[in-house]
Amino acid sequence: MADLSVNVAGVHFNNPLIAASGTFGFGREYGEFYPLSALGGISCKGITLHRRDGNPPPRIAETPSGILNAVGLQNPGVDVFIQEDLPWLKQQNTVVIANIAGNTVEEYCQMAEKLSATDVDMIELNISCPNVKSGGVQFGTSCAAVEDITAQVRRHCTKPLIVKLSPNVTDIASIAKSAEAAGADAVSMINTLTGMRIDIRTRRPVIRNNTGGLSGAAVFPVAVRMVWQVANAVSIPIIGMGGISTWEDAVEMLMAGATALQIGTVLFSDPYAPVKINEGLNRFLDENGIQSVTELTGTVQPW
Amino acid sequence: MKYDVRQLPLLSNKEIAQGIYDMRLEYKQDDLPVQCGQFAHVYVPGKSLRRPISVCDASGGVLRLVYQVKGEGTKIMSQMQPGGTVDVLVPLGHGFSVDSTKRYCLIGGGIGVPPMLYTARQCENPLIITGFRSESLVILQDDLKACGETLLCTDDGSAGEKGFVTDLLRAHIAEVDEVCACGPTPMLKAIAAVCKEFNKPCQISLEERMGCGVGACLVCAVKVRKNGEEIMQHVCKNGPVFNAEEVVF
């Protein structure tokens with residue numbers, strides 16, 4: 001039995017698998033499949049300062065080896081999360097990460113302040129949501145904007161701060177460097193790639209928001225490439241995600257440079273995927289005589 | 001634990017009308033009995049999303065899923081062979097609430113007909129109205145006849161009466177206490193309007209493209225009015241069955 005625990009920005013995770021924001025709600029539903037302590041952590045559904053109803057349906061469509069979604073950050077607001085969901089989450093014996101999104105930098109700061117006063121374990125700055133009209137990804141696509149928002153939120157945030165990066169940029173390594181320079185404790189990547197499909201019979205986009213975020217196995221090679229590039233550019237830990245579906249994918253993402261992992265889309269076809277991936281990881285480590293999963297991080301040997 | 005993924009032996013999987021298949025799986029009712037109107041989330045090898053299919057029947061040790069081949073996923077389902085197993089997440093969702101003291105009118109339109117069979121089994125002498133586009137799509141008539149009084153209509157008159165289920169509902173609504181319906185949204189909207197006019201309670205089963213199936217990913221949104229306020233709920237968890245009066249069409 002190898003050691004699967006990892007440490008990200010001073011926070012201990014029992015294993016490297018974290019449920020990705022937006023695929024897992026606030027944990028209650030998947031907690032009806034298995035104890036949430038099976039996961040290293042949970043990144044909660046993105047929360048905003050005030051309640052949001054999200055986009056009209058359809059919000060999802062299947063694509064080859066993936067899905068497009070545009071939920072539009074439906075959530076009850078940060079205060080309801082703190083009062084009704086966080087106390088329950090904190091009893092589940094897993095790391096709780098609050099994912100926050102705002103319309104303005106001030107909103108991000110206000111939420112960071114409110115959450116810093118709670119016992120949430122970490123805060124993940126969502127500056128990469130492609131599915132909302134204002135805010136979201138606009139804060140995450142230039143180095144100056146990323147540096148500005150990270151620095152400002154940092155001043156209001158006493159929790160370890162993760163900046164979640166958008167892949168919809170030309171040079172993700174320089175964006176990651178900006179986040180690091182402005183005080184991010186870690187980066188998580190990648191959020192979804194903006195995509196679109198059209199129903200050729202109705203000539204309508206297949207989701208109501210016209211465009212959506214592409215996730216699932218289809219984006220995995222892009223995610224591996226980006227994690228590898230960022231790992232070569234920063235010294236803060238990387239939480240790797242984007243289409244991880246099997247334990248082999250998990251090993252690959254760790255080798256690319258990730259310290260921990262988030263998984264999302266695969267849960268929709270297999271709710272037990274995190275349990276199976278952890279089992280596979282453990283087997284791989286044992287078979288290769290590796291004591292700790294941390295020994296895999298960044299061990300790719302590039303040509 | 002409330003949810004479990006089951007590997008159910010596939011007993012048969014036959015085409016019963018044009019493009020419509022009847023999948024029968026070996027299924028023992030256990031501590032999580034299937035309620036009428038609930039659905040099964042079926043894993044399709046090679047696909048990123050499961051396919052939500054309403055439960056047509058769950059009696060006699062058999063889980064019956066009657067589905068229409070609409071795209072790649074249901075096509076793969078239709079090619080599954082008896083002898084293997086199917087990976088199913090069941091039972092899911094909030095089904096129809098049936099009160100044994102009431103007489104129900106159960107209405108199904110097209111591929112919305114299957115869940116009305118298991119619902120009919122829970123009702124005392126229901127009036128069952130089914131509607132289809134044409135004769136080639138008519139399904140489950142013999143099964144339904146065994147559960148109550150049935151009325152059939154088609155858009156083109158090729159089977160049963162020519163017309164819509166709402167015409168038959170208007171003619172017979174005085175005979176029932178409550179209406180339960182499943183089918184295309186315009187049909188459900190029209191049924192809800194008739195029930196409102198005659199002041200009869202009405203439950204409708206909605207459809208929306210779905211992700212997780214358990215209420216975590218929030219994609220299958222439906223707008224409902226609760227206590228005067230419009231809020232977003234989800235077909236997979238709060239539904240698929242909703243009180244028609246609360247749905248904001």
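What you see is a predicted model; the values in this text were computed from it and never measured.

1. A look at the overall build of chain B
The number of helices and strands found in chain B is five helices and 15 strands. The C-alpha atoms of chain B give a radius of gyration of 17 Å, which matches the 18 Å a tight globule of 249 residues would have. Principal-axis analysis of the C-alpha atoms places the extent of chain B at approximately 50 × 45 × 35 Å. The proportion of buried residues among the 249 residues of chain B is 53%.

2. Things to note about helix α5 (residues 220-231) of chain A
With 12 residues, α5(A) should cover 16 Å at 1.5 Å per step; its first-to-last C-alpha distance of 16 Å lies within 8% of that length. Where α5(A) is buried, its residues meet α4 (172-181), β10 (186-189), β15 (238-240) and α6 (247-256) of chain A.

3. Regarding the domain arrangement of chain B
Residues and elements named next belong to chain B. Domains assigned within chain B are domain 1 (5-92), domain 2 (96-205) and domain 3 (207-249). Each of domain 2 and domain 3 has a C-alpha centre, and the two are 22 Å apart. Listed as interface residues are eight residues of domain 2 and, on the opposing side, seven residues of domain 3. Secondary structure elements with two or more residues in the side of domain 2 that touches domain 3: α5 (185-197) and β12 (202-205). Here the side of domain 2 that touches domain 3 is built from residues that sort into five nonpolar, two polar and one charged.

4. Topic: helix α2 (residues 105-116) of chain A
All names here are of chain A. Over its 12 residues, α2 runs 16 Å from end to end, which matches the ideal 16 Å to within 8%, given 1.5 Å per residue. What α2 keeps buried is the set Tyr108, Met111, Ala112 and Leu115. All buried residues of α2 fall inside an arc of 100° around its axis, so they share one side.

5. A short note on the sheet that holds strand β5 (residues 60-63) of chain A
Paired through backbone hydrogen bonds, the strands of a sheet run either parallel or antiparallel to each other. Residues and elements named next belong to chain A. On the basis of which strands lie adjacent, the open sheet formed by four strands has the order β5-β6-β14-β11 and antiparallel pairing. Unpaired on one side and paired on the other, β5 and β11 (193-195) mark the two borders of the sheet. Across the sheet, the axes of successive neighbouring strands diverge by a mean angle of 35°, strand direction being ignored. Relative to strand β14 (residues 212-215), β11 runs antiparallel, the two being bridged by three bridges.

6. With respect to the interface of chain A and chain B
Contacts between the two partners involve 29 residues from chain A, matched on the other side by 22 residues from chain B. Class assignment of the residues belonging to the side of chain A that touches chain B gives a composition of 13 nonpolar, 11 polar and five charged.

7. Some points on the pairing of strand β2 (residues 20-26) of chain B
Residue and element names in this part refer to chain B. Burial within β2 is extensive, with six of its seven residues counted as buried. With six bridges joining them, strand β1 (residues 5-17) and β2 adopt antiparallel strand pairing. Pairing of alanine 17 across the sheet is with isoleucine 20, part of β2. Relative to strand β5 (residues 62-68), β2 is paired through seven bridges, and the arrangement is antiparallel. The partner of aspartate 22 across the bridge, within β5, is valine 66.

8. Thoughts on the sheet that holds strand β8 (residues 122-126) of chain A
Residue and element names in this part refer to chain A. Pairing is parallel in the closed barrel, where eight strands are placed in the order β3-β4-β7-β8-β9-β10-β15-β16. Across the sheet, the axes of successive neighbouring strands diverge by a mean angle of 25°, strand direction being ignored. Judged from the three bridges that link them, strand β4 (residues 41-43) and strand β7 (residues 95-100) form a sheet pairing that is parallel. Its bridge partner lying in β7, isoleucine 42 is registered against valine 96. Sheet strands touched by α2: β7 and β8. Its angle to β7, the strand with the most contacts, is close to 160°.

9. Here we look at unusual backbone geometry
A cis amide bond links B:Val90 with the next residue in sequence, B:Pro91, at an omega value of -5°. Its place among the elements puts B:Pro91 in strand β6 (residues 85-92). With an omega of 10°, the peptide bond running from B:Gly239 to B:Pro240 counts as cis. Position of B:Pro240 among the secondary structure elements: in the loop between β14 (229-234) and β15 (241-243). With a phi angle near 70°, A:Asn210 is a residue other than glycine that sits in the positive phi range. Here A:Asn210 shows up in the loop between β13 (204-205) and β14. Residue class for A:Asn210 comes out exposed when judged on the 11 C-beta atoms lying within 10 Å of it.

10. A short note on the pairing of strand β7 (residues 104-109) of chain B
Along any regular strand the residues' side chains alternate between the sheet's two faces. All names here are of chain B. Counting buried residues in β7 gives six out of six residues, a clear majority hidden from the surface. Taking every second residue as pointing to the same face, both faces of β7 are buried, with Tyr104, Leu106 and Gly108 on one and Cys105, Ile107 and Gly109 on the other. Inspection of the sheet shows β7 paired to strand β11 (residues 178-182) by five bridges, in the parallel sense. If you follow leucine 106 over to β11, its bridge partner there is cysteine 180. Relative to strand β8 (residues 127-132), β7 is paired through five bridges, and the arrangement is parallel. Bridging across to β8, cysteine 105 finds its partner in leucine 127.

What counts, and where the lines are drawn
Residues numbered from 1 in each chain as written. Chains lettered and ligands numbered in written order. Predicted model: local features only at pLDDT ≥ 70, side-chain atom pairs only at ≥ 80, totals over all residues. Helix = DSSP H or I, 4+ residues; strand = E, 2+ residues; numbered from the N terminus. Rg over C-alpha atoms; globule rule 2.2 N^0.38 Å. Buried ≥ 20, exposed ≤ 12 C-beta atoms within 10 Å, placed from the backbone. Expected span 1.5 Å × (residues − 1). Contact = placed C-beta atoms within 7 Å. Domains from an automatic or database assignment. Nonpolar A, V, L, I, M, F, W, Y, C, P; charged D, E, K, R; others polar. Arc of directions from axis to C-beta. Pairing = 2+ DSSP bridges. Axes fitted to C-alpha atoms, helices over the stretch in contact; angles between N-to-C directions.

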